[in-house]
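Coordinate inspection notes
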Amino acid sequence: MKKRNEVLYFALRNKKLLIGSGIILIFLLLAWVGPAFAKYKPFDYANPLGAEPPSTEYWFGTTFFGQDVFSQFVNGLRATFIVGLLGGGLGTLVGMIIGFAAGYRGGILDEILNAFTNIVLVIPTLAVLLIIAAYLQVRSLLMECLFIGLTAWPWAARAIRAQTFSLRTRDFVDLARLSGMKPYKIVRREIAPNMMSYLVLVFILQFGGAILTAATLDFIGLGPTNAISLGLMMQYAVLWGALPLGMWWWFVPPGLAITAIVGALYSMNVGLDEIFNPKLREM
Amino acid sequence: MRRYLTRKILIYTLTFFLAVTIDWLIPRFMPGDPIRNMLARVSVASNASAIQMMYDYYARLFGLDLPLWQQYLNFWKALFQGNLGISTYLFPTPVIEVLKRAVPYDAFLLIPSILLAWYAGNNFGAIAARSKRLDNFILPLSYVLTATPYMWLGILLAWFFGIVLGLFPIAGAYSFSLRPTWSWTFVLDLLHHWFLPFASLFIIDFGGWAIGMRNMIIYELEAEYSRYLTALGAPQRLIRRYAFNNAILPQITGLALRLGVIVAGALVTEVVFSYPGIGYLLLAAIQNQDYFLIQGCFLFIILGVLIANFVIDLVYIVVDPRTRRGMVGESA
Amino acid sequence: MALKVENLTVYYQTLRGDVHALEHATFQIADGEIMGLAGESGCGKTTLGHSLIVLFPPMKYIAGKVLLDGEELPIWDSERMNAYRFRKVSLIPQYAMNAMNPIRKIGKMIQELLESRGVDYREVLPELKRRLDLVSLSHEVLNMYPIELSGGMKQRMVMVISSLLNPSLLIADEITSALDVATQKAVAEMLVEFRDCQFVNTMIVVTHDISILYQIADSILIMYAGVLAEKAPTQSIIESPRHPYTRMLISSLPEVGVRHADKRLSGIPGNPPLLLNPPTGCRFRDRCPLAYERCLEEPPFLEIEKDHYVACWKEFESHA
């Protein structure tokens, strides 16, 4: 069996991966086409009667102000995926740059980057995001992605550094070095492809982490201004008495979606780990 | 051991230094006059003389006419005097006073939930690693729990136990009708209000620790020292005990690494339950654009996390003999 | 006979099917004999060594019988096997560098291990110290953590622990591979000393390093692709090997200097067969210059001279 076929063979038989990616696909589809089906804009006061439970007109019911929950939900879902993709992607990228540089170069650069990583690791991400976000009066979704990406990288950098360290002394890397290849090229051509599976796992975890961080920021009111998000839906629900009024349709969908998406990502992560790592597979 | 500690303290000092610098830098890097920007949106003090008073006060505090290094030094000096400015939202209460009132609630909520979740999660994880049936149940559940946003679990618990079943209050730290005293009624009322926010923090963290411990134990049971003991006919009891003792070490480091996430979780949980800790304060500060209060919260959170990290390091030294013997066992 | 192994067969269970790592192993070891067990990596020598004491998944017992001092070892039943481990059969693992619990003092670990096996630590302590002296380790090591010991020290420490209860059979698995040449020699000589002091009765020294076996082994067993190829006194294996594989193996090691049979044998064209679905008949057939139609049948492992066993049709023919 060839290596690629083998990975595919096990991938198609791995329940954790299949269920996880299935859930992600469903929500992705919902985020993609959902807004086209929404009859109202997220912030429109659609229902003159105010809050109402789900009905044929308002599929997910309406909020205290009569806003359409379905419309908020699918638009928020879209924002969630964008944050995961861009924020998680940026976090992975920064982690890769710092991890590769520290792990491949070693020496004094490694010492400095390592100390820096440890510092950023100790500062609670949220606290920094908080102080930045609080001073910016207008915040866009892209900015949120940027903040999250730039603060979430430390553990990824650490993990990638350790992996690079162990690959650095392998024969094929030595060979590339002897043949006069530039360090950047060695990392790109020889080291990164050899830890591709690992990088995929890092990205998935960053993706999930970015979604949770964004939900927290949105919930305390530091998310994008003038845009809907799942975290903001939950904040409104709490602030406008959805709990005492028993308006479950307002706060259940956003949290459930986040839990399902992040849970599905974790499940994919475990599944992929089993596929990439034959040691876990052959039991 | 001394080297290990010195390095840690160095890192923490640097971190604190960096955090304070960020805190100082940000308002000064925003476009325009930071004081005007700030006061323009103050919603509480409405009359002109109050605004002027506040303006003078902040102008003195910021000292924008001084050279930058002087401003920076003054900032540190004020910090060491415990002067974090005056809250605009709760004018004229000093920020440090506002925070001092909130911190006990945070400690009351965070310390038990962190420690109990860590303890229970590790023990459950260790049991799950042993029994296939339990594992099949606990593992997926734990993954769902770690994927749950803190505020959502808080909302669900508040809704179900607070509203639907009516068993617990869902707002505040104690009933409005009571005054804080050391009476049984008050303590019971305090615990009654405390339980749901505590439970929601506990449950989510529990899942994370259970997964971590389960994976670590399985890894340790495959480790070579475990295999050697098996080859020498040692009973499973001894092998499991060794595996647990080894697996607990990365879990201690893990606690330090996860602290930031847990603190963020506590902030939003406090918001859900209107629990008067720093998280709740923070939401109010953000909604009222009270920058000094936001800064104060930021510094307190960082300080709290750094102190907790240091305590964890001390515990690690006690638990891992290798750090005591001057052999660096852990590189964090 | 101290050890009798009959028809021992062990497979590795994988998702792709059973890997026939060890098949139909039948041999004996006399009292006081140190037997070297050699072959290329993946030939099943480690599987054979481990199957006599502990089978970790995915290793699975398929068939066969092991008699130690006339008593049958329940090697298929890990629970029952516990009674024999350490006391009757013991192991010096390949991973001696990591064999000790990193967060226990060595003395404390030994104490906990012994007590879990119902042995009084204080009673054994004087003997333990004597043996530490023998391998030139200070008594202080009992008060240290494994990380404080050098590689060679850890190796010797594990040797002392493994042989502490005077087992009848001691299996030493690739114990010299992680050490430098000077230490290798010292460690190998200690093994002989352990036998001479009667700490152990017999020993199986698993290695890919045949030159070590020249120095210490009384006999050598050569394996190829999961089956036994040849067993004979060390002298005979070196001077008059009979199996074509042994002959190529010995002759491909020019003099004493080169030791690694582990590297693919440059002198022998081809590769060993995959053990997932091993071919029937002699497994060396494809690489053997002497192969003929008889080799399509599996050759038995027969004694052609006193103490000289071989599995090769050509040899049986010339001795018939």
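The structure under discussion appears in the preceding block.
Here's a quick rundown of the structure. Since the model is a prediction, treat every value here as computed from it, not as a measurement. (Residues numbered from 1 in each chain as written. Chains lettered and ligands numbered in written order. Predicted model: local features only at pLDDT ≥ 70, side-chain atom pairs only at ≥ 80, totals over all residues. Heavy atoms only, no water.)

Moving on, we get to the layout of surface pockets. All names here are of chain B. Here the second largest pocket defines a volume of roughly 810 Å³. Around the second largest pocket, the lining is made up of 25 residues, and of these Leu110, Ile111, Ile114, Gly304 and Ala308 lie nearest the centre. Top contributing element to the lining of the second largest pocket by residue count: helix H12 (residues 291-319), with 10 residues. Of the residues assigned to the lining of the second largest pocket, the class counts are 23 nonpolar, 1 polar and 1 charged. (1 Å grid on protein atoms, 1.4 Å probe; cavity = no way out; pocket = protein on both sides within 12 Å on 5 of 7 lines; lining within 4 Å. Points joined across faces, edges and corners; volume = space filled by probe spheres on them. Helix = DSSP H or I, 4+ residues; strand = E, 2+ residues; numbered from the N terminus. Nonpolar A, V, L, I, M, F, W, Y, C, P; charged D, E, K, R; others polar.)

So, on to the interface of chain A and chain B. Taken together, the 43 residues of chain A in the interface contact 47 residues of chain B. Buried surface at the junction of chain A and chain B, both sides included, amounts to about 4100 Å², of which 82% is carbon and sulfur. Applying the counting rule to chain A against chain B returns 0 salt bridges. Our count for the chain A to chain B interface comes out at 1 residue pair in polar contact (both at pLDDT 80 or more). Considering every element that reaches the side of chain A that touches chain B, the biggest residue donor is helix H12 (residues 248-276) of chain A, with 11 residues. Of the residues belonging to the side of chain A that touches chain B, the class tally is 33 nonpolar, 9 polar and 1 charged. (Contact = heavy atoms within 4.5 Å. Buried area = accessible area lost by both parts, 1.4 Å probe. Salt bridge = Lys/Arg side-chain N within 4 Å of Asp/Glu carboxyl O. Polar contact = N/O pair within 3.5 Å; in protein donor to acceptor, adjacent residues only side chain to side chain.)

Describing an aromatic ring pair means giving the distance of the ring centres and the angle of the ring planes. Residue and element names in this part refer to chain B. Under the criterion given, the structure shown has 33 aromatic pairs over all chains. Measuring from ring centre to ring centre gives 5.2 Å for Phe160 and Phe161, while their planes differ by 90 degrees; the resulting arrangement is edge-to-face. Taking relative accessible area as the criterion, Phe160 reaches 38% and is therefore assigned partly exposed. With 4.4 Å between their ring centres and 20 degrees between their planes, Trp194 and Phe198 make a pair best called stacked. (Phe/Tyr/Trp six-rings, centres within 6.5 Å; stacked < 30°, edge-to-face > 60°. Buried < 20%, exposed > 50% of the residue type's maximum accessible area, 1.4 Å probe, protein only.)

This next bit is on the pattern of salt bridges. Here the structure, examined in full by the defined rule, presents 25 salt bridges over all chains. One salt bridge connects Lys16 of chain A with Glu274 of chain A, and the closest N-O pair in it is separated by 2.7 Å. One end of the pair, Lys16 of chain A, is in helix H2 (residues 15-37); the other, Glu274 of chain A, is in helix H12, and 258 residues separate them in sequence. In this structure, Arg195 of chain C and Asp196 of chain C form a salt bridge, with 3.0 Å as the shortest nitrogen-oxygen distance. Classification of Asp196 of chain C by relative accessible area gives exposed; the value is 52%. One connected set of salt bridges, linked through shared partners, spans Arg242, Arg247, Glu305 and Glu315 of chain C.

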